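The lines below spell out each chain.
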Amino acid sequence: MDRYAVIGHPIAHSKSPQIHAAFARQTAQDMCYEAILAPLDGFAAAVRAFRAAGGRGMNVTVPFKLEAFALAERRTPRAQAAGAVNTLAFDAGGLLGDNTDGAGLVRDLTANHGCALRGRRVLLLGAGGAARGALLPLLAEGPAVLTIANRTVAKAESLAATFLPSTAETQLSACGFDGLAGQHFDLVINATAASLADQAPPLPPGLYAEEAFAYDMMYGRGDTPFIAAARADGAARLADGLGMLVEQAAESFALWRGLRPDSTAVLAALRRQLG
Ligand code: ATR
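Remember, predicted model here, so these are calculated numbers, not experimental data. (Residues numbered from 1 in each chain as written. Predicted model: local features only at pLDDT ≥ 70, side-chain atom pairs only at ≥ 80, totals over all residues.)

Give a description of the domain arrangement of the protein chain that names residues and reports values.
Each assigned domain of the protein chain is listed here: domain 1 (2–98 + 243–274) and domain 2 (102–240). A C-alpha centroid distance of 25 Å is found between domain 1 and domain 2. At the junction of the two partners, domain 1 supplies 13 residues and domain 2 supplies 17 residues. Within the residue set of the side of domain 1 that touches domain 2, elements represented by two or more residues are helix H4 (77–82) and helix H9 (242–257). Per-element tally for the side of domain 1 that touches domain 2: the top contributor is H9, with six residues. Here the residues of the side of domain 1 that touches domain 2 are counted per class, giving six nonpolar, three polar and four charged. (Domains from an automatic or database assignment. Contact = placed C-beta atoms within 7 Å. Helix = DSSP H or I, 4+ residues; strand = E, 2+ residues; numbered from the N terminus. Nonpolar A, V, L, I, M, F, W, Y, C, P; charged D, E, K, R; others polar.)

Take a look at the structure:
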């Protein structure tokens, strides 16, 4: 039986074992998937031990995604662009590092929510790892406008500068939250960590165009402050990041097993469980 795992610190909360077990059942794959708690100073050793014990691949979560990037011997272009790795595959070529977070976000938006991005005006809030991981897959969809807004403006500017060469059809720019006043967007994605502190980024009013979509990468019970603020500001559609979680897992599964699971049923089951 092929072994896979998610590795992080903490890890007990992770839904990845449940998601991948469902994918494996659904596609009749002979595999198991476990959760590994690595000590904060023991990530590389834990990866090596899992590989030596016959492991085939791992998902990597907080706080090890940068260390996984450094540990990988080869990286996919999307991992390179993200500067972080959430998926490791152990194969004959060595340790391959991939990043499926951004692809998972785009797939959730387009396939699960029917939110096409081509030609649309998109606002990405945040300039940390979550925002960076989303940028290349978002740009690949060809939005007309992609604005990165962050509390620390310099971080948004340097992130935009990194991606400028890959923006032929997209007007890419950066600003602070104040700089958004008077602008309108079709899609606003919250990639800040504000929800973790039960806060919302301080956005000017009137941000949402007609039929606009507000998407929070966070998920859990009930609305985040960002989603509540988006509703009050007139966003027509609202979504949390549970679909992104399931879709990034599906992308990892596809990389490892060479086939794509049907994520719809798995997402519905998780949604029922969250209540
Ligand atoms: P992650 O990997 O989740 O992106 P990170 O790299 O620490 O985590 O980045 C956190 C992001 O959330 C940053 O964009 C941060 O803004 P700063 O660059 O100004 O620090 C943003 N952030 C965190 N708390 C926030 C808050 N209360 N309001 C607005 N933005 C916040």
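Break down the sheet that holds strand E12 (residues 237–239) for me, with residues and values.
If you walk across this open sheet you meet the six strands as E9-E8-E7-E10-E11-E12, and the pairing is parallel. Each of the sheet's edge strands pairs with one partner strand only, and the pair in question is strand E9 (171–175) and E12. Averaged over all pairs of adjacent strands, the angle between strand axes in this sheet comes to 15 degrees, irrespective of strand direction. Sheet analysis places strand E7 (residues 121–125) next to strand E10 (residues 185–190), joined by four bridges and oriented parallel. When the sheet's bridge partners are listed, Val 122 is paired in E10 with Leu 187. Strands E7, strand E8 (145–149) and E10 of the sheet are contacted by helix H6 (residues 129–140), whose axis makes an angle of about 165 degrees with E7. (Pairing = 2+ DSSP bridges. Axes fitted to C-alpha atoms, helices over the stretch in contact; angles between N-to-C directions.)

Before we move on, can you summarise the pairing of strand E6 (residues 94–98) with the specific residues and values?
Where strand E4 (residues 74–75) and E6 come together, two bridges link them in parallel fashion. Its bridge partner being in E6, Arg 75 is matched across the sheet by Gly 97. Relative to E6, strand E5 (residues 87–91) runs antiparallel, the two being bridged by five bridges. Within the sheet, the bridge partner assigned to Leu 88 lies in E6 and is Gly 97. The antiparallel pairing of E5 with E6 creates a hairpin that spans two residues between the two strands.

Before we move on, could you go through the UniProt feature "domain: Quinate/shikimate 5-dehydrogenase/glutamyl-tRNA reductase" (unreviewed entry) in the protein chain and cite the residues and values that matter?
The residues that UniProt annotates with the feature "domain: Quinate/shikimate 5-dehydrogenase/glutamyl-tRNA reductase" (unreviewed entry) are residues 116–195. End C-alpha atoms of residues 116–195 are separated by 25 Å, and the span's content is 29% helix alongside 26% strand. (UniProt positions renumbered as here; feature names shortened; annotations may be inferred.)

Tell me about the confidence of the model for the protein chain, and name the residues and values.
Looking at the protein chain as a whole, the pLDDT averages 96, with 100% of positions reaching at least 70. Confidence estimates for the predicted assembly give a pTM of 0.96 and an ipTM of 0.97. (pLDDT = per-residue confidence, 0-100.)

Can you tell me about helix H2 (residues 43–52), naming the residues and giving the values?
Looking at H2, one finds that the buried residues are Phe 43, Val 47 and Phe 50. The arc enclosing the buried residues of H2, seen along the axis, measures out at 65 degrees, which places them on a common side. Set apart from the buried face of H2 by more than 90 degrees, the exposed residues are Ala 45 and Ala 52. In this fold, the buried residues of H2 make contact with strand E1 (2–8), strand E2 (31–37), strand E3 (55–60), helix H3 (65–71) and E5. Once H2 finishes, Gly 54 follows within two positions and takes phi at roughly 100 degrees, a positive value. (Buried ≥ 20, exposed ≤ 12 C-beta atoms within 10 Å, placed from the backbone. Arc of directions from axis to C-beta.)

If you had to explain the UniProt feature "active site" (unreviewed entry) in the protein chain to someone new, which residues and values would you point to?
Within this numbering scheme, the UniProt entry marks Lys 65 as carrying the feature "active site" (unreviewed entry). Lys 65 sits in the buried class, given 24 other C-beta atoms within 10 Å. With near-sequence residues (within four places) excluded, Lys 65 lies in contact with Val 60, Ala 84, Val 85, Asn 86 and Gly 129.

How would you explain the nonpolar core if you had to name every residue and give the values?
Ranked by size, the top nonpolar core spans 83 residues in total, and within it Leu 88, Leu 124, Leu 187 and Val 188 carry the most contacts. Lining this core are residues from two domains, each supplying at least three of them: domain 1 (2–98 + 243–274) and domain 2 (102–240). Here Leu 187 is in contact with Cys 115, Leu 117, Arg 120, Val 122, Ala 212, Phe 213 and Tyr 215, once residues within four sequence places are set aside. (Core = buried A, V, L, I, M, F, W, Y, C linked by C-beta atoms within 7 Å.)

Pulling in residues and values, what's your account of the environment of Val 246?
Relative to the helices and strands, Val 246 is located in helix H9. In this structure Val 246 touches Ile 19, Ser 263, Val 266, Leu 267 and Leu 270, once residues within four positions along its chain are discounted.

Which residues make up the packing of H9 against helix H10 (residues 263–274), and what values go with them?
Axis separation between H9 and H10 bottoms out at 10 Å; the angle between their running directions is 140 degrees. As summarised for this structure, H9 and H10 are arranged oblique, according to the angle between their axes. In the packing of H9 onto H10, the handedness of the crossing is right-handed. Packed against H9, whose contacting residues are Leu 242, Gly 243, Val 246, Glu 247 and Ala 250, the element H10 presents Ser 263, Val 266, Leu 267, Leu 270, Arg 271 and Leu 274 at the interface. Among the residues making up the contact of H9 with H10, the classes are represented as seven nonpolar, two polar and two charged. (Parallel < 35°, antiparallel > 145°, perpendicular 65-115°, else oblique. Left-handed = near helix turned anticlockwise from the far one by under 90°.)

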